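Fold and contact review
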Amino acid sequence: AAARAFEDGIQVGGNAGEGLEVPAALMGLGNVRIAQGDYPRAEENLQRAIELLQQVGQLQGLARAWITLSVLMTSRGDLEEASRLAARARELRERFDNPKETATCCNQQGEVFRIQGKLAEAEEAYLMAMALYEEIGSPWAFMPRVNLALVRMEQNRLSLARSGLEAAWLDVRQAGRA
């Protein structure tokens, strides 16, 4: 149903690239396709969204599309491309002084580093994401906390991992999500 709604939005908006409706619908459809495991079609949707966003010079949307494509590339195992895309998205988000979206980029960078076995870099990225989320009072700080706990488990720093998971649980409870 969600895929159909986004497809309808694309049909109604056309492919002219004017405005942001079509790229937004393409990104939404890309997210649905990722969740469905349909990576080829997700990539097609995201690449088209990127193309349209570049045409209209919409850099904030472009950063969002790049980070979504980075998530897709991580799922597909293309970690070098995932890393490159996350870094590009983070650079744009930092330029626009957008802490919440920068935190999302940092968290994604941490994921790529963790999977690559670059645990020190992952830890640094997750810590930055947590600091940015906390700076704006976002309940999403639990995500990098949990991810950081995974890194610390891999480093056999179990007491730090446990305290991080406990803090993440408190974040979730305080946000009313548990």
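Scroll up to find the structure.
Residues numbered from 1 in each chain as written. Predicted model: local features only at pLDDT ≥ 70, side-chain atom pairs only at ≥ 80, totals over all residues. Heavy atoms only, no water.

**Digging into the overall build of the chain**
Along the backbone of the chain there are 9 helices and 0 strands. In the chain, the succession of helices and strands from N to C terminus is α-α-α-α-α-α-α-α-α. When contacts within the chain are restricted to residue pairs at least 6 apart in sequence, long-range pairs at least 24 apart make up 49% of them. (Helix = DSSP H or I, 4+ residues; strand = E, 2+ residues; numbered from the N terminus. Contact = heavy atoms within 4.5 Å.)

**What to know about the nonpolar core**
The biggest cluster of nonpolar side chains holds 26 residues, and the ones touching the most others in it are Met 27, Leu 46, Ile 50, Trp 66, Leu 69, Leu 72 and Ala 89. Every element with two or more residues in this core is listed here: helix H2 (21-36), helix H3 (39-56), helix H4 (59-76), helix H5 (79-95) and helix H6 (99-116). Per-element accounting of this core gives the leading share, 8 residues, to H4. Not counting residues within four places of it along the chain, the set of residues in contact with Ile 50 comprises Leu 62, Ala 65, Trp 66 and Leu 69. One finds Leu 119, Ala 125, Tyr 126 and Val 151 within the second-largest nonpolar core, a separate group that totals 8 residues. (Core = buried A, V, L, I, M, F, W, Y, C linked by side-chain atoms within 4.5 Å. Buried < 20%, exposed > 50% of the residue type's maximum accessible area, 1.4 Å probe, protein only.)

**Looking at helix H7 (residues 119-135)**
Spanning 17 residues, H7 covers 24 Å between terminal C-alpha atoms, matching the ideal 24 Å at 1.5 Å per step. Inspection of H7 places Leu 119, Ala 122, Glu 123, Ala 125, Tyr 126, Ala 129, Met 130, Leu 132 and Tyr 133 among the buried residues, and these make up the whole buried set. Lining the buried residues of H7 we find H6 and helix H8 (142-154). With its phi angle positive at about 70°, Gly 137 sits one or two positions after the end of H7. (Expected span 1.5 Å × (residues − 1).)

**Some words on the pattern of salt bridges**
As enumerated under the stated definition, the model contains 14 salt bridges in all. Ionic pairing is found between Glu 94 and Arg 90, a salt bridge with its closest N-O pair at 2.9 Å. Here the residue Glu 94 and the residue Arg 90 both occupy positions in helix H5, the gap between them amounting to 4 residues, near one helical turn. On the basis of relative accessible area, Arg 90 is assigned to the buried category, the value being 19%. The partner of Glu 101 in a salt bridge is Arg 93, with the nearest N and O atoms 3.7 Å apart. Here the two residues Glu 101 and Arg 93 agree in accessibility, since each one is buried. Put simply, Arg 64, Arg 93 and Glu 101 are held in one network by salt bridges that share partners. (Salt bridge = Lys/Arg side-chain N within 4 Å of Asp/Glu carboxyl O.)

**A few points about the environment of Ser 83**
Positionally, Ser 83 belongs in helix H5. Each C-alpha atom, one on Ser 83 and one on Gln 116, is 9.9 Å from the other, the two residues being 33 residues apart in sequence. Those residues within four positions of Ser 83 in sequence are excluded, and the remaining contacts are Val 112 and Phe 113.

Interpretation in functional terms is not warranted from these geometric data alone.
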